[in-house]
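# Fold and geometry: a report
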Amino acid sequence: MSDPTIDSWYDAHEPGRPTPPGSTYTVLLDFITPRLASSFRELLSEAPGDLFITGQRLAPGYSRLNLLAYLQAFDERYVFIQRAQQKMAKHIGGRPKDWSDCWLLRYLPGSGIRDHVDPVPGRDKADHTRYRLNVLLSPPGSSGKLFIEDRYVPLSQHDAIIFSSGSLIHRVETVPELRCILSLGMLGPKEVQ
Ligand SMILES: O=C(O)CCC(=O)C(=O)O
């Protein structure tokens, strides 16, 4: 894939891959350019290790960096995140400012995450839930597999997936080498139009 400017990237990604009948997610192919993906991955070694959140309720070997706090507003990666938030809001019918977050997820070899959902504590309303737009930044063969509602979700490197992580049970099976995910969260209506 060529390396378009962010604006042409934004225009170029409608719609996603048609998902199988009855599927509960949308895949957006080549959501990020290889160059930008590599620039996000560089944060794994560039960002101070103590900024990665670990432990407590998080699985061993899994940690995450708060990109909205770490990146400067003029950084092209921050600009990319803002555009991705707009795209996500449009897709789910939400608002970019509504409980939005953005993490760089790092899974070390042998780690994974058991079946879970991601509710918004105290905020999950009858008609709203948490969504995630997750971009696979590492090669799939070394990254482990994502399952949603017990269904394997095949993703290529640089693809994104949008799904309701607040209501759908999902897990990541044991990661062979390293899994790196750009993960945006946002509140949206339970029923996407
Ligand atoms: O690594 C992934 O693809 C899934 C991460 C996850 O469990 C989540 O975003 O809630």
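Each chain has its residues counted from 1, running along the sequence as written. Side-chain atom pairs in this predicted model are given and counted only at pLDDT of 80 or more, local residue features only at pLDDT of at least 70, and totals for whole chains, interfaces and linings cover all residues.

### Description of the overall build of the chain
In terms of helices and strands, the chain carries five helices and ten strands. Remark: C-beta atoms are placed from the backbone, and a residue is labelled buried if 20 or more other C-beta atoms sit within 10 Å of its own, exposed if 12 or fewer do, or partly exposed between those counts. By residue count, 33% of the 193 residues in the chain fall in the buried class. The contact rule is simple: place each C-beta atom from the backbone, and if two of them lie within 7 Å, those residues are in contact. Put simply, 77% of the contacts in the chain that link residues at least 6 apart link residues at least 24 apart. Secondary structure is summarised from DSSP: a helix means a run of H or I of at least four residues, a strand means a run of E of at least two, and numbering begins at the N terminus for each.

### Description of the confidence of the model for the chain
With 81% of its residues at a pLDDT of 70 or more, the chain shows a mean pLDDT of 84. Confidence scores per residue from the predictor, reported as pLDDT, run from 0 to 100. Here residues 1-21 scores under 50 on pLDDT; set against residues more than four positions off or in separate chains, the count is 23 contacts.

### With respect to the site of the ligand
Only the C-beta atom matters for this test: placed from the backbone, it must lie within 6 Å of a molecule or strand for the residue to be near it. Taken together, Leu-105, Ile-113, Asp-118, Arg-132, Asn-134, Leu-146, Ser-165, His-170, Val-172, Ile-181 and Ser-183 make up all the residues around the ligand. When contributions to the shell around the ligand are tallied by element, the ones reaching two or more residues are strand E5 (128-136), strand E9 (170-172) and strand E10 (179-189). Polarity classes work like this: nonpolar for Ala, Val, Leu, Ile, Met, Phe, Trp, Tyr, Cys and Pro, charged for Asp, Glu, Lys and Arg, and polar for all others, with Gly in that last group. Classifying every residue of the shell around the ligand gives five nonpolar, four polar and two charged.

### Looking at the sheet that holds strand E2 (residues 62-66)
Paired through their backbone hydrogen bonds, the strands of a sheet run either parallel or antiparallel. One open sheet holds the six strands; their spatial order is E1-E8-E5-E10-E3-E2, and the pairing between them is antiparallel. Lying at the two open borders of the sheet, with one neighbouring strand each, are strand E1 (25-28) and E2. Taking the axes of each pair of neighbouring strands and ignoring which way they run, one obtains an average angle of 25 degrees across the sheet. Pairing between two strands requires that DSSP report at least two bridges joining them. One ladder, built from four bridges, connects E5 with strand E8 (residues 160-163); its direction is antiparallel. Looking at E8, one finds that Val-135 is bridged to Ala-160. Structural elements are reduced to axes, namely lines fitted to C-alpha atoms, with helices fitted over the stretch in contact, and the angle between N-to-C directions of any two is expressed from 0 to 180 degrees. Helix H5 (residues 76-92) rests against E1, strand E3 (101-107), E5, E8 and E10 of the sheet, and its axis sits at about 45 degrees to E10.

### Digging into the sheet that holds strand E4 (residues 113-116)
With antiparallel pairing, four strands are arranged side by side in an open sheet as E4-E9-E6-E7. Edge positions in the sheet fall to E4 and strand E7 (151-153), since each has one partner strand and no second. In this sheet, neighbouring strand axes are inclined to one another by 20 degrees on average, regardless of whether the strands run parallel or antiparallel. As paired elements, strand E6 (residues 146-148) and E7 share three bridges and run antiparallel to each other.

### Considerations on helix H2 (residues 34-41)
The complete set of buried residues in H2 reads Leu-36, Ala-37 and Phe-40. Each buried residue of H2 lies within a common arc of 100 degrees when the element is viewed along its axis, so the set occupies one face. Exposed positions of H2 whose direction lies more than 90 degrees from the buried face are Arg-35 and Ser-38. Buried residues along H2 sit against helix H3 (43-46), H5, E3 and E10. The arc in question is traced by the directions running from the helix axis to the C-beta atoms.

### Observations concerning the nonpolar core
Each nonpolar core comprises buried Ala, Val, Leu, Ile, Met, Phe, Trp, Tyr and Cys residues, the members being joined through C-beta atoms within 7 Å. Membership of the largest hydrophobic core comes to 42 residues, with the highest contact counts inside it found for Met-88, Val-135, Leu-137 and Ile-162. Contributing elements (two or more residues each) for this core: E1, H2, E2, H5, E3, E5, E8 and E10. If near-sequence neighbours (up to four positions away) are discounted, Ile-162 is found in contact with Tyr-25, Thr-26, Met-88, His-91, Ile-92, Tyr-131 and Leu-133.

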